[in-house]
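Fold and contact review
Single-letter residue listing:
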Amino acid sequence: MQSGLPLVPREAAVYREFERLYHLARTLRPTATDRWTGDLVAGGTESWGSVDRKSGAITLSAQHVLRHLRGSDSRGGADQQAQALATILHEATHAGMALEAPTAANAVHRNLMWNVMEGVAEVRAMADIPAFAVLAGYGELPVPPPQYPAPYSAIDGLLKQASGPRRGRGSLLDALSRGPGALHLDELADGVLQNRLADVVPVGDQQAVRAALIEPMLHPAWGHIGKMASGIGESVARDIQIKLNSTVDEIRQHYRAQPGQPFPAEGPNAEAAGIADGNRLAVLPAPNASDRVDRSAPAAGGRPDGSSPEIGDQVDGAGRGGRTPAEGRGSEMRFLDGVAPAAGATARRPSLGQGTRGAAQRAKGRRPESGVERE
Amino acid sequence: MPLDIAKFNSAYTDARDRVEREQADVATQQTHLRTLVPEDATQEHRDWAEYLIASLARPPAPPRQWSELYHEAGRIQVAAYQAEGTVEEQIAALREARRRIWEIADRAAEDEAPHIRAMTRSMEHIEDGLRNPLWPQDD
């Protein structure tokens, strides 16, 4: 949890409204993983939202997100609500998936995947916001401009290349939203395979062929694309398309010439073989092992090596622009503590049967650990 | 039988993509989506599904016209993204840019200010990525 920022009481109307929205987001794209522990932190005035990789807490800006969670709002504020709901969809997508896939041969455990994951979460948020807003009773909201401009454009471009008659964009977005994040490129590769190569690739060769299709997707720009404008993302997608088309042709020619011969390719996760030999703990790097989400322990604890959070993990309101957390707890945040329902928030609640799933299992009132590693 | 919301949403995503990207026939896509809505679905869910089905026939919204303040904030964001130097220097550049963008948003029109402020949503995560890389051994 960010130092000095308050937990939203679970009995508060805004907590219950966020919880309802969070589960509606998961209803639109179901996933078996849920890394949110149930702790909701009211973030400072100059932040939006994040998922703490260590504690499993979700932080949302009190001013820019939480206070706008009041259902269809006749007082205006549609633009604020659209941004608030987009933030929730984005963060719910992060919280709904594991990051690593240690035993998967085609997992990519490299930092460039950070930008891939941000792009996926934002594409998902933009795709679902009209359906989400109406389903949640917020009415028709303007679709906000996507953030993460270059990763968004690059993932959108890759989805266009990977979509087709056998696997459409809906199926691919469903799978991407399930994660793990390290398998995002493998999922996109599967779209290419199913839509363009399914007639020539034997089932037994599909993992290797997907590995070959991942290779052209590992564009060097992914490492720093998060810090670029949308035009760069489009260029990256075009670059990948050229190489991807060439790889597709190569694979097709291979199976025409040697139908019984597997396509030679190795998955990007060389460590998977070591894990298969029972050497998983010896092979995997210790830091960030909490990202490897176990279904039975969705809120993994601190670092397995026992190290302290790094300098900079502590992010507080003062550090974000000179305003102290206490300043954010004035009259504008009283709604966080009260039980008076936010206007309209309870007016239209679809009975989806999942609104509190998992919530009862979460420890009440437990504060997340200090130190944050956020997505 | 209740509406399978996830299945419908996925099919709607496909239909929207086909209409926008492949200029697929809207009526055909709408007919397919209606087959996914059970007769005895709740009225609330039927309304939701019909809203999405009808939206396929709507022309895309025209590009929004932004004020100079919005574009100014965008330029600040791009400049911060391009900052070179150490991790700490990059973080400092992002923080300063965020501070300036918040200031610009405070001067913007009510309907535009949230979208200017939202430019900092990605910058916040980029800062976090610089501080806490997912796989430190990869750097």
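Scroll up for the structure.
These lines cover the structure that appears in this document, whether it is placed above or below.

**With respect to the pattern of salt bridges**
Residues and elements named next belong to chain B.
- Inspection of the entire model under this criterion finds 27 salt bridges over all chains.
- With a closest N to O distance of 3.4 Å, Glu127 and Arg95 form a salt bridge. Note that Glu127 is positioned in helix H7 (residues 119-131) and Arg95 in helix H5 (residues 87-107), a separation of 32 residues in sequence.
- Judged by relative accessible area, which is 28%, Arg95 ranks as partly exposed.
- Across the pair Arg131 and Glu127 runs a salt bridge, and its minimum N-O distance is 3.1 Å. With a gap of 4 residues between them, Arg131 and Glu127 both fall in helix H7, about one helical turn apart.
- Owing to a relative accessible area of 9%, Arg131 belongs among the buried residues under this scheme.
- Under the relative-accessibility criterion, Glu127 is labelled buried at 0%.
- Members of the salt-bridge network, linked through shared partners, are Arg95, Arg98, Glu127, Asp128 and Arg131.

**Structural notes on the packing of aromatic side chains**
All names here are of chain A.
- Tallied over the full model, the rule gives 6 aromatic pairs over all chains.
- Relative to Trp36, the ring of Phe18 lies with its centre 5.2 Å away and its plane at 85°, an arrangement referred to as edge-to-face. Pair noted here: Phe18 is in helix H1 (residues 13-28) and Trp36 is in the loop between H1 and strand E1 (40-43), with a separation of 18 residues, a long-range link. Pair check on accessibility: Phe18 and Trp36 agree, each one buried.
- Three or more aromatic residues joined by ring pairs make a cluster, and in this case those are Tyr15, Phe18, Tyr22 and Trp36.

**Side note on the packing of helix H6 (residues 184-197) of chain A against helix H7 (residues 206-217) of chain A**
Residues and elements named next belong to chain A.
- Taken N-terminus to C-terminus, the directions of H6 and H7 make an angle of 110°; their axes are 8 Å apart at the nearest point. By the angle class used here, H6 and H7 are roughly perpendicular. Considering the relative orientation of H6 and H7, their crossing is right-handed. In contact with Leu185, Asp186, Leu188, Ala189, Asp190, Val192, Leu193, Gln194 and Leu197 of H6, H7 contributes Gln206, Val209, Arg210, Leu213, Ile214 and Met217.
- Here the contact of H6 with H7 is built from residues that sort into 10 nonpolar, 2 polar and 3 charged.

Rules of the game
Residues numbered from 1 in each chain as written. Chains lettered and ligands numbered in written order. Predicted model: local features only at pLDDT ≥ 70, side-chain atom pairs only at ≥ 80, totals over all residues. Heavy atoms only, no water. Salt bridge = Lys/Arg side-chain N within 4 Å of Asp/Glu carboxyl O. Helix = DSSP H or I, 4+ residues; strand = E, 2+ residues; numbered from the N terminus. Buried < 20%, exposed > 50% of the residue type's maximum accessible area, 1.4 Å probe, protein only. Phe/Tyr/Trp six-rings, centres within 6.5 Å; stacked < 30°, edge-to-face > 60°. Axes fitted to C-alpha atoms, helices over the stretch in contact; angles between N-to-C directions. Parallel < 35°, antiparallel > 145°, perpendicular 65-115°, else oblique. Left-handed = near helix turned anticlockwise from the far one by under 90°. Contact = heavy atoms within 4.5 Å. Nonpolar A, V, L, I, M, F, W, Y, C, P; charged D, E, K, R; others polar.

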